[in-house]
Structures are given as structure tokens and as C-alpha cells.
Amino acid sequence: MQPLPTPQITLPLATAINQDVQRARAGALHLHGLLAHWDEVINESWVTTLLGWEEQERARRSLERRLGTARIGRFKPICDFDWGWPTKCDRAAIEALMTLDFLNDATNVVLAGPNGVGKSMLAQNIANQALIAGNTVLFASAGQLLGDLCALDSDAALRRRLRYYARPKLLVIDEVGYLSYSNRHADLMFELISRRYQKNSTMITTNRPFAEWREVFPNAACVVSLVDRLVHNAEIITIAGSSYRLKEAQEQTERRAAKRRSGKA
């Protein structure tokens, strides 16, 4: 039996499909003036170019706007991270986070370890990667976030602010454990984590194991529930080692001393 011929898309049909795609692009861009005169311009060669320009410019402005509101701050790129310095660091797990797959199912991330091992730098790189990929991101220290929430003196303002922190696809809360907080701070942290639970990803950097979080939120009744919500469906990565910042400071001091000695020689 002869095989059936593969159906071919005729030129008029292919043209019609392309025009439908172009029209959908114009609709997504809300170019209502162009759409109103679509039949007059659809065969013009500049239409495709115009749509490309508009898409590129809107993508650029969107990234610029999200970068401004994310508050990630300045950071070293991950290519400068010294993977050989920590005594314990799961590089494969960090690189997997950089693919952003964890955002798809609202997985939380906890980067735990002592001061100076690069937790914040890694979190900033992951947050920046999420921004470039088109996601909404917000980066804040625990002190900034909880201080902001506690400063609000009306229930309506607090609800609006909680929605603001609950909305981003990725919320990074940096430096949990460096300060101690009141019961009200703990309740607000629990409320925020609960609002984001299984909806959007939250990334935490902390210098304290969870067993010591009662010292971070002393006397707070919600600490166990807070940790439970945070770690359920979470990626927990522990980094161990001495402070890299201290290492850099010591090296800089040694370079300055060597420079002074060479100047006297």
C-alpha cells in the first residue's frame, strides 16, 4: 500500500495563519489604532518590524520597572563565587535553583549558615535571575520587612502592606536570625508566610538553625507553625565555613601592608 501523502499547507493558508499570529501580537500589545486599520496595513512589510520594536521596548521597560521595585541592591555575580571556600555547599542544588524550576510549584528555599559564607549573594543572584526571566521579585531584610509592617497603625494599611509583600512571585527575606523580635513581629511573619503558602515562593537566608528560632522570636506561640509552613515543600540548603568577608578583609590588609613596605624600601 502506498503511504498517504503528507498534507501541505498551501501558501494562502500559511499567509492567513501568519496574519492571525500578527494580529494576536498586536492585540496582546493593545495597539488598538493599528487593529482598527488592520485590513489596510496587514500586507505592509513594516507591520512585523513595528510589532517587534514594541515587544522589545515593553520587555525592556518591564524589566527596568521590576528591577527598580525589587530592591535587590548591588551584588557579586555568581560566577565570582568561590565554591572552594565553604567547607559545605551543595553547588548542584544552587545551580538547580538558578534554573527557577522551584517557582513553578511555589517551593520555598532556605539558605542557612553562619555569617559571611555567601547566603545573601546567592539569594541576590537567584532573585536577579528570576527578574530577568520575567517574574516579579521583592528583596528585603527581615528587619526592614517586619519594621515596615509593625510601623503601620491601621488595619486597612496593614492589610494593603501584607498584600504588597504577598504578591511577588519570589519574596526574599534576608538575614533572619541576626536580630530578636517581639511577639507582634512573629505574628506578622507568620501571617505573611501563610498568605504566600503554596501560592508563591519565599526564600529565607538565616544564620540560625530552626531549633534556635525561639530565640529569634522569644515567647512567640506561633514559631512552630511558622517554621512548619515555611519548610513544607521547601528546599533547605546548608552552607558551612568561615566568613569569606573576613578572609577578603585580611587579604586586603596584607596587600596594604605589603604596599607600605615596598614604598619604604
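Predicted model, so just to flag it, every value in this text is computed and none were measured.

We now examine the pairing of strand β4 (residues 201–206). Counted residue by residue, β4 has six buried out of six residues, so it is predominantly covered. Residues S201, M203 and T205 line one face of β4 and the alternating positions T202, I204 and T206 line the opposite face, and both faces are buried. Judged from the four bridges that link them, strand β1 (residues 108–112) and β4 form a sheet pairing that is parallel. Note on β4: the bridge partner recorded for V110 is I204. Bridge count between strand β3 (residues 170–176) and β4: five bridges; the pairing is parallel. In the sheet register, V172 faces β4, and the bridge partner there is M203.

Let us now look at the nonpolar core. L145, I173, M189, L192, W213 and F217 are the most contacted members of the largest nonpolar core, which has 31 residues in total. Looking at this core, the elements that each hand over two or more residues are β1, β2 (137–141), α7 (142–150), α8 (155–166), β3, α9 (183–196), α10 (213–216) and α11 (223–231). If one sorts the elements of this core by residue count, α9 sits on top with five residues. Excluding its chain neighbours within four sequence positions, the residues that come into contact with L145 are A140, Y165, L171, I173 and L192. Counting 29 residues, the second-largest nonpolar core is a separate cluster that includes A70, A93, L100 and V117.

Quick look at the sheet that holds β2 now. Overall, parallel pairing links the five strands, which are arranged β2-β3-β4-β1-β5 in an open sheet. Looking at the sheet topology across the chains shown, the edges are occupied by β2 and β5 (234–238). The sheet shows a mean angle of 10° between the axes of neighbouring strands, direction not considered. The strands touched by helix α6 (residues 119–132) within the sheet are β1, β2, β3 and β4, with β2 carrying the most contacts at an inclination of about 160°. In the packing of α9 onto the sheet, the strands contacted are β3 and β4, and the crossing angle to β3 comes to about 150°.

Attention now goes to unusual backbone geometry. The general pattern is negative phi for most residues beyond glycine and trans for most peptide bonds. Phi at A106 is positive, roughly 55°, even though this residue is not glycine. Relative to the assigned elements, A106 resides in the loop between α5 (91–97) and β1. Given a relative accessible area of 7%, A106 falls into the buried group. Even without a glycine there, the phi angle at N219 is positive, about 70°. The topology assignment puts N219 in the loop between α10 and α11. Since its relative accessible area comes to 73%, N219 is described here as exposed.

A word on the environment of A249. Residue placement: A249 occurs in helix α12 (residues 244–264). Judged by relative accessible area, A249 falls into the partly exposed class, the value being 36%. Each C-alpha atom of the pair A249 and S180 lies 28 Å from the other, and the pair is 69 residues apart in sequence.

With that settled, consider the pairing of β2. Burial of β2 is extensive: five of the five residues sit out of reach of the surface. Alternating positions in β2 separate into two faces, V137, F139 and S141 on one and L138 and A140 on the other, with burial throughout. Pairing between β2 and β3: five bridges, direction parallel. Each residue of the ladder has a partner; that of V137, found in β3, is L170.

Right, let's get into the pattern of salt bridges. Scanning all chains against the criterion turns up five salt bridges. Close ionic contact of R91 with E95 constitutes a salt bridge, the shortest N to O distance being 2.9 Å. Of this pair, R91 and E95 are both found in helix α5, four residues apart, which corresponds to roughly one turn of the helix. Judged by relative accessible area, R91 falls into the partly exposed class, the value being 42%. Its salt-bridge partner being R208, residue E215 comes within 3.2 Å of it at the nearest N-O pair. In the salt-bridge network here, residues are joined through shared partners; they are R208, E212 and E215.

Here is what the cut-offs are and how they apply
Residues numbered from 1 in each chain as written. Predicted model: local features only at pLDDT ≥ 70, side-chain atom pairs only at ≥ 80, totals over all residues. Heavy atoms only, no water. Buried < 20%, exposed > 50% of the residue type's maximum accessible area, 1.4 Å probe, protein only. Helix = DSSP H or I, 4+ residues; strand = E, 2+ residues; numbered from the N terminus. Pairing = 2+ DSSP bridges. Core = buried A, V, L, I, M, F, W, Y, C linked by side-chain atoms within 4.5 Å. Contact = heavy atoms within 4.5 Å. Axes fitted to C-alpha atoms, helices over the stretch in contact; angles between N-to-C directions. Salt bridge = Lys/Arg side-chain N within 4 Å of Asp/Glu carboxyl O.

As far as function goes, none of this settles anything; it's purely spatial.
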